[in-house]
Amino acid sequence: MTKQKIIIDTDVGGDIDDVWALCLALASPELDVRLISVSEGDTDYKARLARAILDDCGRPDIPVAKGYDYGLKEYPQVGLLSDAPPNAIAYRAAYEQILASDVTVVGLSPYTSLSTVADLVAARGSRVVAMAGSIDRGYFGKAQADPECNIAWNVAAARRFFSARPAYTMLPLDVCGDLVLCGEDYRTVRESVGRFARCVMRHYDEWDKRYIGGARKADPSTSSSILYDLAPIWLLLHPDRFTVAPLDIDVTDDGRTARGGDFSIRAALRVEGVDEMLRDTARRLCV
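I will try to describe carefully the structure that is included in this document. (Residues numbered from 1 in each chain as written. Predicted model: local features only at pLDDT ≥ 70, side-chain atom pairs only at ≥ 80, totals over all residues. Heavy atoms only, no water.)

1. Remarks on the overall build of the protein
Of regular secondary structure, the protein possesses 11 helices and 10 strands. In summary, the protein has a C-alpha radius of gyration of 17 Å against a globular reference of 19 Å for 287 residues, a match within 12%. Each of the three principal axes of the protein carries a C-alpha extent, and together these read 50 × 40 × 40 Å. Going through the 287 residues of the protein one by one, you find that 55% of them count as buried. A separation of at least 24 residues holds for 76% of the contacts in the protein among residues at least 6 apart in sequence. Only carbon and sulfur atoms are counted for the fraction: they give 49% of the accessible area of the protein, which is about 11400 Å². (Helix = DSSP H or I, 4+ residues; strand = E, 2+ residues; numbered from the N terminus. Rg over C-alpha atoms; globule rule 2.2 N^0.38 Å. Buried < 20%, exposed > 50% of the residue type's maximum accessible area, 1.4 Å probe, protein only. Contact = heavy atoms within 4.5 Å. Areas by Shrake-Rupley, 256 points an atom, 1.4 Å probe, with all protein chains shown as cover.)

Spelled out as structure tokens, the structure:
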């Protein structure tokens, strides 16, 4: 089996969906994770958290790159960290070393750091698949677009990123705004002794204790919160489930990704088989 080589750029350490996505990627034999890069907020904290997740998942060999400190300082999973230094490498240097035409960048973060390597992504022919934007649907099923956090958090950086014209596929709220694992599939993950499921649940419970806002909170005994960041991982694992088409967008001053504009991307606006992919996610995490 030929594995897909990927870099994951994440703002792990705030909302919990990043942890689910990271663990799913690490649990999937189809994916070869070459680098985790962290951005936004306290990037020392985020690098240490990424390292803790990699260690828990049995992948201490994967390097962690530290991006730019920008925005809120929030520490809902700090209780799971040791006092060890973050052991992170420089952001651009890591991308210069690892980026190639056969490496896909998975974007789970605002573009503060990723915009600084967009020229490398474009020059080396790498593609980006990212949870970002809102085209026709907003948060919590709203039938109109919203400013989505990964764009709106740093509009200038998002515009810089798109201006570099990388090969880019957007997974907007239209296809990921209501992804929740519940019922028997969720119970299977919560009760599993598998290392990936245990890692997810430890972090979910810690995040729940220190919840300070963000993704809609649920009862962790019965359900996940909304798992927006699963969408880019699913696109790599189940591309046939997504309808992806060219789309021209504009990034507005308030962070909306509006139809029409100078940025030509590809966007997934429809997805099928969500229940089956949620069940497959649970199965993979419980290995």
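2. Here we look at the nonpolar core
A general feature of soluble globular proteins is that nonpolar side chains tend to end up buried together. Core analysis: the largest hydrophobic core is formed by 65 residues, its most contacted members being I8, W20, I36 and I53. For I8, the contacting residues outside a window of four places in its chain are L22, A25, V33, L35, I36, S37, V106 and L108. (Core = buried A, V, L, I, M, F, W, Y, C linked by side-chain atoms within 4.5 Å.)

3. Remarks on helix α8 (residues 183–191)
Residues of α8 that are buried include every one of D185, Y186 and V189, and no others. The arc that holds every buried residue of α8, seen down its axis, measures 95°, which confines them to one face. In this structure, the buried residues of α8 make contact with α1 (17–27), α9 (195–209) and α11 (274–285). (Arc of directions from axis to C-beta.)

4. Overview of helix α6 (residues 155–163)
Buried within α6 are the following residues: V155, A157, A158, F161 and F162. For α6, the arc enclosing every buried residue in end-on projection is 160°, short of the 170-degree limit, so these residues lie on one face. Close packing links the buried residues of α6 with α4 (118–123), β6 (127–131), α5 (149–152), β7 (167–171), β8 (242–251) and β10 (263–271). The positive-phi residue at the C-terminal boundary of α6 is R165, with phi of around 60°.

5. Some thoughts on the sheet that holds β7
Strand order in the open sheet formed by 10 strands is β4-β3-β2-β1-β5-β6-β7-β10-β8-β9, with mixed pairing between adjacent strands. For this open sheet the edge positions go to β4 (89–90) and β9 (257–259), each flanked by a neighbour on one side alone. (Pairing = 2+ DSSP bridges.)

6. A word on the packing of aromatic side chains
One pass over the full model with this rule turns up 12 aromatic pairs. When the ring of F162 is compared with that of Y168, the centres are 4.9 Å apart and the planes differ by 85°; the resulting orientation is edge-to-face. Of the two residues, F162 and Y168, both sit in the buried class. Ring pairing ties together the aromatic residues Y111, F161, F162, Y168 and F263, which thus form one cluster. (Phe/Tyr/Trp six-rings, centres within 6.5 Å; stacked < 30°, edge-to-face > 60°.)

7. Points about the side chain of S37
Position of S37 relative to the elements: it lies in strand β2 (residues 31–38). In this structure the side chain of S37 is engaged in a polar contact, spanning 2.7 Å, whose partner is the side chain of Y95. When near neighbours in sequence (up to four residues on either side) are disregarded, S37 contacts I7, I8, D9, T10, A65, Y91 and Y95. (Polar contact = N/O pair within 3.5 Å; in protein donor to acceptor, adjacent residues only side chain to side chain.)

8. So, a nonpolar patch on the surface
A grouping of Y70, L72 and W153 is seen on the molecular surface, where their side chains present a nonpolar patch of about 300 Å² in accessible area. One can find Y70 in the loop between β3 (64–66) and β4. (Patch = residues over 30% accessible without salt bridge, like charges linked within 9 Å, V, L, I, M, F, W, Y side chains within 5 Å. Salt bridge = Lys/Arg side-chain N within 4 Å of Asp/Glu carboxyl O.)

9. Looking at the state of the cysteines
Taken as a whole, this structure holds zero disulfides when the rule is applied. C149 takes part in no disulfide bond, and the closest cysteine sulfur to it belongs to C176, at a distance of 11 Å. (Disulfide = S-S within 2.5 Å.)

10. Some remarks on the pairing of strand β1 (residues 4–10)
Among the seven residues in β1, five count as buried, and that is most of the element. Note that β1 and β2 share seven bridges and pair parallel. In the sheet register, Q4 faces β2, and the bridge partner there is L31. As for the winding sense of the linkage, the β-α-β connection from β1 through α1 to β2 is right-handed. (Right-handed = clockwise from strand over helix to strand, strands pointing away.)

11. Side note on the packing of α8 against α9
Here α8 crosses α9 at 95°, and the two axes come no closer than 7 Å. When the interaxial angle is binned, α8 and α9 end up roughly perpendicular. Between α8, through Y186, V189, R190 and E191, and α9, the contact on the second element is made entirely by A197, R198, M201, Y204 and D205. For the contact of α8 with α9, the class distribution of residues is five nonpolar, no polar and four charged. (Axes fitted to C-alpha atoms, helices over the stretch in contact; angles between N-to-C directions. Parallel < 35°, antiparallel > 145°, perpendicular 65-115°, else oblique. Nonpolar A, V, L, I, M, F, W, Y, C, P; charged D, E, K, R; others polar.)

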